[in-house]
Amino acid sequence: MDEDNCARAEGAGAGTGCDTGPDIRTRPGTGTGTDVGTGTGIGAGVGAGADRGFGAVAESGPFRANHATGSGSGFGTDPGTGSGLGTGPGTTDRTADRAGLSPAARALYAGITRGEPLAPGDGAALRELVAWRLVAVDPDRPEAPIALDPQEAGRRRLDEGLRELAARAAGMAAVPGVADELALHFERAKWRSGSGSEFLAEPEQVGARIDEAVGRAESELLTAQPLGPAGADAREAADARDSRALARGVSVRTLYRDGERDDPAIRDRVTRLTARGARFRTLAAAFQNCVVVDRRQAFIPDHVVNSSPTHAAWHVMDRALVAFIAEGFEDAWRRADIWQGDARRTTPDGVAGLTHRQREILVDTAAGIDQRITARRLNIGLRTLTKELGVLRARWGAPTLAALSYQWALSAERRRMAEEAAGPAE
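Residues numbered from 1 in each chain as written. Predicted model: local features only at pLDDT ≥ 70, side-chain atom pairs only at ≥ 80, totals over all residues. Heavy atoms only, no water.

### Overview of the overall build of the chain
Threshold: Helical segments are the DSSP runs of H or I of at least four residues, strand segments are the runs of E of at least two, and each set is numbered from the N terminus. Buried, partly exposed and exposed residues are distinguished by accessible area as a fraction of the type maximum, computed with a 1.4 Å probe on protein chains only: under 20%, between the cut-offs, and over 50%, respectively. Between two residues, a contact is recorded if the distance between any of their heavy atoms is within 4.5 Å. Per-residue and other accessible areas follow the Shrake-Rupley method at a 1.4 Å probe size, with only the shown protein chains counted as cover for residues.
The secondary structure content of the chain amounts to 13 helices and 17 strands. Counting all 426 residues of the chain, 38% fall into the buried class. Nonlocal contacts in the chain, meaning residues at least 24 apart in sequence, comprise 67% of its contacts between residues at least 6 apart. On the chain, roughly 24000 Å² of surface is accessible, and the fraction owed to carbon and sulfur atoms is 54%.

### Overview of helix α11 (residues 382–396)
Put simply, the rule reads: An expected span of 1.5 Å times one less than the residue number is assigned to each helix. By construction, the arc corresponds to the directions joining the helix axis to the C-beta atoms.
Look at α11: 21 Å from first C-alpha to last across 15 residues, which is about the 21 Å you get at 1.5 Å a residue. Of the residues making up α11, those classed as buried are L385, E388, L389, L392 and W396. Down the axis, α11 shows its buried residues gathered within 100° of arc, on one side only. Among the exposed residues of α11, those oriented more than 90 degrees off its buried face are R383, K387 and A394. In this structure, the buried residues of α11 make contact with α9 (356–366), α10 (371–378) and α12 (401–410). A positive backbone phi angle near 70° is found at G397, which sits one or two residues after α11.

### Considerations on the pairing of strand β13 (residues 279–283)
Cut-off, in case you're wondering: Only strands joined by at least two bridges in the DSSP assignment are considered to pair. Note on handedness: a crossover is taken as right-handed if, strands pointing away from the viewer, the path from the first strand over the helix to the second is clockwise.
Summarising burial for β13: four of the five residues are buried, a large majority. Pairing analysis gives five bridges linking strand β12 (residues 251–257) to β13, with the strands arranged parallel. Pairing of R257 across the sheet is with L283, part of β13. In this fold, the crossover linking β12 to β13 by way of helix α7 (residues 264–275) has right-handed handedness.

### Thoughts on the pattern of salt bridges
To be explicit about the condition: What makes a salt bridge here is a side-chain nitrogen of Lys or Arg within 4 Å of a carboxyl oxygen of Asp or Glu, nothing more.
One pass over the structure, following the stated rule, counts 25 salt bridges. A salt bridge links D239 to R269; the nearest nitrogen and oxygen atoms lie 2.3 Å apart. Here D239 is found in helix α6 (residues 232–247), whereas its partner R269 is found in helix α7, with 30 residues between them in sequence. Note on accessibility: D239 and R269 belong to one class, buried. Salt-bridge contacts for D242 lead to R269; the nearest nitrogen and oxygen are separated by 2.7 Å. Here D242 is found in helix α6, whereas its partner R269 is found in helix α7, with 27 residues between them in sequence. In this structure R269 comes out as buried when scored by relative accessible area, which is 3%. Taken together, the shared-partner salt bridges in this structure form one network comprising D211, D239, R241, D242, D268, R269 and R272.

### Let's talk about the environment of A323
Note that A323 resides in helix α8 (residues 319–335). Here the alpha-carbon distance between A323 and Q297, two residues 26 residues apart in the chain, equals 8.9 Å.

### Re the sheet that holds strand β17 (residues 337–339)
By definition, the strands of a sheet pair up through backbone hydrogen bonds, in either a parallel or an antiparallel sense. Selection rule: Here, axes are lines fitted to C-alpha atoms. For helices the fit covers the stretch in contact, and angles between N-to-C directions go from 0 to 180 degrees.
Ordered in space as β10-β16-β15-β14-β11-β12-β13-β17, the eight strands form an open sheet in which the pairing is mixed. A single partner strand is all that each edge strand has here, and the edge strands are β10 (197–200) and β17. Shown here is a sheet whose adjacent strand axes are inclined to one another by a mean of 20°, direction ignored.

### Section: the packing of aromatic side chains
Put simply, the rule is: The rule is short: rings of Phe, Tyr and Trp, with Trp giving its six-membered ring, pair when the centres are within 6.5 Å, and they are stacked under 30 degrees, edge-to-face over 60, tilted in between.
If you walk through the whole model with that rule in mind, you get four aromatic pairs. Centroid distance F199 to W314: 5.3 Å. Interplanar angle 55°. Geometry classified as tilted. Note that F199 is positioned in strand β10 and W314 in strand β16 (residues 313–316), a separation of 115 residues in sequence. We note that F199, like W314, is buried. When the centroid spacing of 6.1 Å and the interplanar angle of 85° are considered together, the rings of Y256 and W339 count as edge-to-face. Taken together, the positions of Y256 in strand β12 and W339 in strand β17 put the pair 83 residues apart, joining distant regions of the chain. W339 matches Y256 in its accessibility class, with the two residues each being buried. What links up through ring pairs into an aromatic cluster is the set Y256, F280 and W339.

Below, the structure written as structure tokens:
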């Protein structure tokens with residue numbers, strides 16, 4: 001057999017044979033699955049294979065290999081007047097259950113209704129018909145399957161498909177809710193274990209982590225209204241921790257709110273640690289609590305987790321963020337008043353009950369605002385403003401505007417204003 005007598009087919013499946021003759025014929029290739037086998041040319045080519053396969057057919061003498069690809073129907077050109085049927089063992093890759101009933105199964109069902117016997121290669125198509133409930137197989141006569149009503153089988157198949165689609169649709173509809181619910185846990189896990197910061201929920205955990213960080217401090221400790229557990233025991237532990245840091249040569253600076261000057265326990269602490277080299281200041285305005293160690297790590301209150309405990313905090317290790325926190329401390333430190341443990345200076349008699357205009361003048365003066373701007377904002381003349389300042393200086397006995405600003409910062413009325421501005425949380 002020479003090369004000119006070989007037929008080639010492409011399509012859903014192709015069986016090929018080698019023929020002789022002058023004419024050229026086009027025929028469909030049908031089937032699903034892939035069969036490899038040998039056989040004898042007996043007529044129209046029928047193959048089985050959904051995607052790719054190789055079939056080999058011989059008439060007499062050496063056989064030639066034929067290539068089948070694709071899905072659906074195909075065609076072949078034969079130089080000759082016949083074609084071969086390849087039969088034999090092969091492998092099958094079927095998608096009929098999802099795409100529909102295969103042509104081979106349809107042909108087999110038609111043959112079963114006509115009482116035709118099964119062929120050796122009908123196993124895959126028969127299994128497909130059984131799965132569709134189009135045929136029933138009697139165990140006593142497996143070679144003679146019984147055809148069932150295709151209308152009933154189609155309705156069952158449709159009902160099953162619709163139920164499956166409904167279940168899939170319900171599952172898809174639930175995906176966003178599940179994703180949102182699980183995203184909370186995932187984000188919380190990132191917060192707790194991220195490389196830049198770690199969430200500390202319990203005050204004891206916060207205190208232990210701060211103690212550990214301060215215990216390794218080498219150069220500087222900045223504290224703004226100390227974090228961690230409150231109470232006498234916690235204060236004693238903080239005193240011992242800061243004292244050890246001072247003994248190692250660590251610079252310790254602590255910023256308190258102005259109202260802490262009225263607390264005897266805190267005044268005693270400030271007096272003792274000041275004698276050891278620590279520095280303290282108080283600020284009437286609001287500021288953020290923090291602890292900064294060597295400008296490499298910091299501790300700040302929680303502003304992320306809505307349901308976190310009161311004393312929850314974040315341990316921040318991102319150097320850029322730590323530098324930003326330290327700069328915020330420095331800004332508050334520059335505006336604060338030096339404190340060495342002395343009590344708050346009380347307001348002299350007759351100073352209480354400032355007018356609204358006097359308070360506005362004091363606020364602007366302490367902020368360093370130009371008097372002309374203040375006078376224009378209050379809709380008064382510069383001379384009236386000067387008189388008001390003279391009255392205020394006389395009340396406090398302040399020889400200069402700087403001294404007046406200092407007395408105002410220490411006054412009880414200034415403290416009340418700061419507390420009102422800070423709100424209930426402060």
